[in-house]
Amino acid sequence: MGVVARAGCGAWCPSFGGRCYACRGLISDSNNKAAKDILDEFGLTLEQIMTEFRLFNGVYDVAKE
Ligand code: SF4
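Residues numbered from 1 in each chain as written. Predicted model: local features only at pLDDT ≥ 70, side-chain atom pairs only at ≥ 80, totals over all residues.

Here we come to the overall build of the chain. Helix and strand counts for the chain stand at 3 helices and 0 strands. The order of α-helices and β-strands along the chain, N terminus first, is α-α-α. Compactness check: the chain gives a C-alpha radius of gyration of 11 Å against a globular reference of 11 Å for 65 residues, within 12% of the reference. Based on the C-alpha atoms only, the size of the chain along its principal axes is roughly 30 × 25 × 20 Å. Across the 65 residues that make up the chain, the buried fraction comes to 14%. Sequence separation of 24 or more characterises 38% of the internal contacts of the chain that already satisfy a separation of 6 or more. (Helix = DSSP H or I, 4+ residues; strand = E, 2+ residues; numbered from the N terminus. Rg over C-alpha atoms; globule rule 2.2 N^0.38 Å. Buried ≥ 20, exposed ≤ 12 C-beta atoms within 10 Å, placed from the backbone. Contact = placed C-beta atoms within 7 Å.)

This is the structure we're talking about:
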């Protein structure tokens, strides 16, 4: 989720082999389609992609689509 996540954490999770879940929120002008395309390239289903968006950011419209 790094491409749509609010910066400032120093990419803590990827630095230790984890994934970014955008726990700091989404940037205001995020390219959500690009993020979804990247997740799709890794073989996630649409529901799995939306779960990634909803985990910490369910209040955003993009997570409700
Ligand atoms: S999940 Fe949160 S702490 Fe981890 S890399 Fe993403 S924004 Fe940073």
